[in-house]
Amino acid sequence: MKKTVFVVALVALGSAALAHGGVRNEDVLARMEVMKAIGDQMKIIGAMAKGEAAFDAVAANDALTKIAAQSAQIEPSFETRADDPKSEALPAIWQDWEDFVQLASATETTAEGLIGTVSAQVDLGPALGKLGGTCKACHSKYRK
C-alpha cells in the first residue's frame, strides 16, 4: 500500500512539470511552480528511498522542510480563481474551498511533523507513505 501511495504521488507530481509549457495565466503558473517545488523535493526523498541516490539524513530532512514551506503556499496560490488550458486544477477547489484548504493544510502539517524524524533510510518509506497520502487525498478530489 505504501509503495502504491509513493508511486502515485511521484507520478502525479512529476507529470505537473510537463504541463508548465505554454501556461499563459500567471496565477496558474505560480501555483504550478509551488506544486513542482513540492514534487522536486519528493523526488529527492524518493530517490533515496529507492536506493537511486545515497541516503543523506540532512538532505532528506531539508527536503521535508522545503515541502512544508511550499505546502504553506498552496492555499494562497489558489485563492485567486484562475484557469488556463494547461491547468490541472478542478473547479471543485473553489466549490469546496474549505475542504481543499484543510487537505492542503494536512500536507503542510504532515511535512512539518516529519522534519527531523528521518535518521536512517528505513525511515523514508513511512515518511513518504504519510506525505504521499496527503498529496493523494487532495489530488484525487481536486486535480484532473
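Residues numbered from 1 in each chain as written. Predicted model: local features only at pLDDT ≥ 70, side-chain atom pairs only at ≥ 80, totals over all residues. Heavy atoms only, no water.

**Some thoughts on the pattern of salt bridges**
- Summed over the entire model, instances satisfying the criterion amount to five salt bridges.
- Between glutamate 52 and lysine 50 there is a salt bridge, and its shortest N-O distance comes to 3.6 Å. (Salt bridge = Lys/Arg side-chain N within 4 Å of Asp/Glu carboxyl O.)

**Focus on the packing of helix 2 (residues 26-49) against helix 3 (residues 57-71)**
- It is at 9 Å that the axes of helix 2 and helix 3 come closest, and there the two elements cross at 160°. Classed by the angle they form, the pair helix 2 and helix 3 counts as roughly antiparallel. Both helix 2 and helix 3 take part in a crossing whose hand is left-handed. Every residue of helix 3 that contacts helix 2 at Val34, Ala37, Ile38, Gln41, Met42, Ile44, Ile45 and Met48 is listed here: Ala59, Ala60, Ala63, Leu64, Lys66, Ile67, Gln70 and Ser71.
- For the contact of helix 2 with helix 3, the per-class residue count stands at 12 nonpolar, three polar and one charged. (Axes fitted to C-alpha atoms, helices over the stretch in contact; angles between N-to-C directions. Helix = DSSP H or I, 4+ residues; strand = E, 2+ residues; numbered from the N terminus. Parallel < 35°, antiparallel > 145°, perpendicular 65-115°, else oblique. Left-handed = near helix turned anticlockwise from the far one by under 90°. Contact = heavy atoms within 4.5 Å. Nonpolar A, V, L, I, M, F, W, Y, C, P; charged D, E, K, R; others polar.)

**Some details on the side chain of aspartate 99**
- Its location among the elements puts aspartate 99 in helix 6 (residues 97-114).
- Those residues in contact with aspartate 99, other than ones at most four positions away along the chain, are Lys141 and Tyr142.

**Some thoughts on the state of the cysteines**
- For the coordinates displayed, the defined rule picks out zero disulfides.
- The thiol sulfur of cysteine 135 is not disulfide-bonded, and the nearest other cysteine sulfur, from cysteine 138, lies at 8.5 Å.
- A residue is classified by how much of its surface remains accessible, and cysteine 138, at 10% relative accessible area, is buried. (Disulfide = S-S within 2.5 Å. Buried < 20%, exposed > 50% of the residue type's maximum accessible area, 1.4 Å probe, protein only.)

**Things to note about the nonpolar core**
- In terms of nonpolar packing, the biggest core is built from 28 residues, with Ile74 and Phe78 touching the most fellow members.
- Elements represented by at least two residues in this core include exactly helix 2, helix 3, helix 4 (74-78), helix 5 (92-95), helix 6 and helix 7 (124-142).
- Setting aside residues up to four positions removed in sequence, phenylalanine 78 forms contacts with Arg31, Met35, Ala89, Ile93, Trp94, Trp97 and Phe100. (Core = buried A, V, L, I, M, F, W, Y, C linked by side-chain atoms within 4.5 Å.)

**Some thoughts on the packing of aromatic side chains**
- Within this structure, the stated rule accounts for four aromatic pairs.
- Judged by centre distance (5.0 Å) and plane angle (65°), the rings of phenylalanine 78 and phenylalanine 100 are edge-to-face. Separated by 22 residues along the polypeptide, phenylalanine 78 in helix 4 and phenylalanine 100 in helix 6 bring together distant segments of the chain.
- Using a relative accessible area of 2% as the deciding quantity, one classes phenylalanine 100 as buried.
- Measuring from centroid to centroid gives 5.5 Å for phenylalanine 100 and tyrosine 142, while their planes differ by 90°, and the two rings are edge-to-face. (Phe/Tyr/Trp six-rings, centres within 6.5 Å; stacked < 30°, edge-to-face > 60°.)

**Focus on helix 3**
- Under the 1.5 Å per step criterion, the end-to-end length of helix 3 is 21 Å for 15 residues, consistent within 8% with the ideal 21 Å.
- By the burial criterion, the buried members of helix 3 are Ala60, Asn61, Ala63, Leu64, Ile67, Ala68 and Ser71. Down the axis of helix 3, the smallest arc covering the buried residues is 150°, so these residues share one side.
- Its side-chain oxygen 3.0 Å from the backbone nitrogen of valine 58, aspartate 56 forms the N-cap of helix 3. (Expected span 1.5 Å × (residues − 1). Arc of directions from axis to C-beta. Polar contact = N/O pair within 3.5 Å; in protein donor to acceptor, adjacent residues only side chain to side chain.)

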